[in-house]
Amino acid sequence: MSEVKLSAESRTEFGKGAARRIRRASKVPGVLYGHGSEPLHLTLPGHELLLALRTPNVLIALDIDGKTNELAIPKSVQRDPIKGFLEHVDLLLVKRGEKVTVEIPVHTEGELAAGGNLLEHVLNALPVEAEATHIPEAVTVSVEGLEAGASIHAKDITLPSGVSLAVEEDAVVLQVLAAQAEETEGEEAVESEEPAEA
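Residues numbered from 1 in each chain as written. Predicted model: local features only at pLDDT ≥ 70, side-chain atom pairs only at ≥ 80, totals over all residues. Heavy atoms only, no water.

Draft legend 1. Representation of the overall build of the protein. Looking only at helices and strands, one finds three helices and 13 strands in the protein. Out of the 198 residues in the protein, the part that is buried amounts to 35%. Put simply, 63% of the contacts in the protein that link residues at least 6 apart link residues at least 24 apart. Total accessible area computed for the protein in this model is approximately 12,000 Å², and 48% of it derives from carbon and sulfur atoms. (Helix = DSSP H or I, 4+ residues; strand = E, 2+ residues; numbered from the N terminus. Buried < 20%, exposed > 50% of the residue type's maximum accessible area, 1.4 Å probe, protein only. Contact = heavy atoms within 4.5 Å. Areas by Shrake-Rupley, 256 points an atom, 1.4 Å probe, with all protein chains shown as cover.)

Written out as structure tokens, the structure is:
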């Protein structure tokens with residue numbers, strides 16, 4: 001699990017105008033909360049934060065105002081729907097050794113059985129419980145040779161040591177669907193039986 005160090009400043013200005021000023025300075029407004037403490041409003045460096053968020057569930061070591069050091073994981077990220085820049089981030093305060101519930105991406109490897117079958121990701125991310133400083137970046141599942149109708153459940157996925165499921169064991173994560181023909185012969189027959197208009 002990678003740990004990224006970021007310098008943050010506590011902020012006292014709120015509202016849309018303050019948020020716009022922060023973003024114009026290439027920074028991102030955020031909130032740090034958790035452990036029953038009062039939410040702490042922060043200003044974070046935009047580019048460094050953007051790079052850090054490329055890693056799912058990244059562990060962020062925050063240096064706040066050069067005085068306080070805290071560990072956090074991203075809980076909610078708001079982006080501009082058109083331009084994609086970061087608008088706001090919610091960070092969850094964590095402690096070393098503490099277990100947290102997060103969602104990790106599910107990656108697949110291998111080829112499905114021949115026949116034009118389709119792989120459906122029922123869950124794009126797997127909810128797991130892991131120690132805050134040892135959150136896996138992703139899990140990889142082999143789909144080699146799976147036929148239509150096959151499915152992979154949460155309990156079938158091998159998790160790293162110290163990581164446990166935070167979802168029902170029987171939850172379907174991936175399933176293989178049979179490819180469907182574009183138009184069946186039966187539908188064509190029905191269309192040709194319609195009387196022609198006089």
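Text resumes after the structure shown.
Draft legend 2. Spotlight on the environment of Val28. Within the element layout of this structure, Val28 appears in strand β2 (residues 27–34). Discounting chain neighbours no more than four positions away, the residues touching Val28 are Ile22, Leu42, Thr43, Leu44, Gly46, Leu49, Leu86, Glu87, His88 and Val89.

Draft legend 3. Structural view of the sheet that holds strand β12 (residues 164–165). Read from one edge of the open sheet, four strands run β10-β7-β9-β12, paired in mixed fashion. Because the sheet does not close on itself, it has two edges, and the strands there are β10 (139–142) and β12. Judged from the two bridges that link them, strand β9 (residues 125–131) and β12 form a sheet pairing that is antiparallel. Each residue of the ladder has a partner; that of Val128, found in β12, is Leu165. (Pairing = 2+ DSSP bridges.)

Draft legend 4. Here's a closer look at the sheet that holds strand β13 (residues 172–177). In spatial order, the strands read β8-β13-β11; together these three strands make up an open sheet with antiparallel pairing. Only two strands of the sheet have a single partner each, and these edge strands are β8 (118–121) and β11 (151–153). Strand-to-strand twist in this sheet, taken as the mean axis angle between neighbours without regard to direction, amounts to 15 degrees. With four bridges connecting them, β8 and β13 associate as antiparallel partners. (Axes fitted to C-alpha atoms, helices over the stretch in contact; angles between N-to-C directions.)

Draft legend 5. Highlighting the pattern of salt bridges. Inspection of every chain in the model, using the stated rule, returns two salt bridges. Note that Lys27 and Glu9 form a salt bridge whose closest N and O atoms lie 3.1 Å from each other. Placement of Lys27 in strand β2 and of Glu9 in strand β1 (residues 3–10) is noted, with a sequence separation of 18 residues between them. A relative accessible area of 29% means that Lys27 is categorised as partly exposed. Owing to a relative accessible area of 39%, Glu9 belongs among the partly exposed residues under this scheme. (Salt bridge = Lys/Arg side-chain N within 4 Å of Asp/Glu carboxyl O.)

Draft legend 6. Inspection of the environment of Val143 at higher detail. Looking at where Val143 falls in the secondary structure, it is placed in the loop between β10 and β11. A C-alpha to C-alpha distance of 8.9 Å links Val143 and Ala113, two positions 30 residues apart in sequence. Ignoring sequence-local partners within four residues, the contact set of Val143 consists of Thr108, Glu109, Gly110, Glu111, Leu112, Leu119, Ile152 and Leu174.

Draft legend 7. Region of the structure containing the side chain of His88. Relative to the helices and strands, His88 resides in strand β6 (residues 86–94). Taking the relative accessible area as the measure of exposure, His88 reaches 18% and is therefore buried. Looking at His88, its side chain comes within polar contact range of the side chain of Asp90, at 3.4 Å. Beyond its immediate stretch of four places on either side in the chain, His88 contacts Arg11, Val28, Pro29, Gly30, Val31, Ser76, Val77 and Gln78. (Polar contact = N/O pair within 3.5 Å; in protein donor to acceptor, adjacent residues only side chain to side chain.)

Take it as geometry only, folks, not as evidence of what the structure does.
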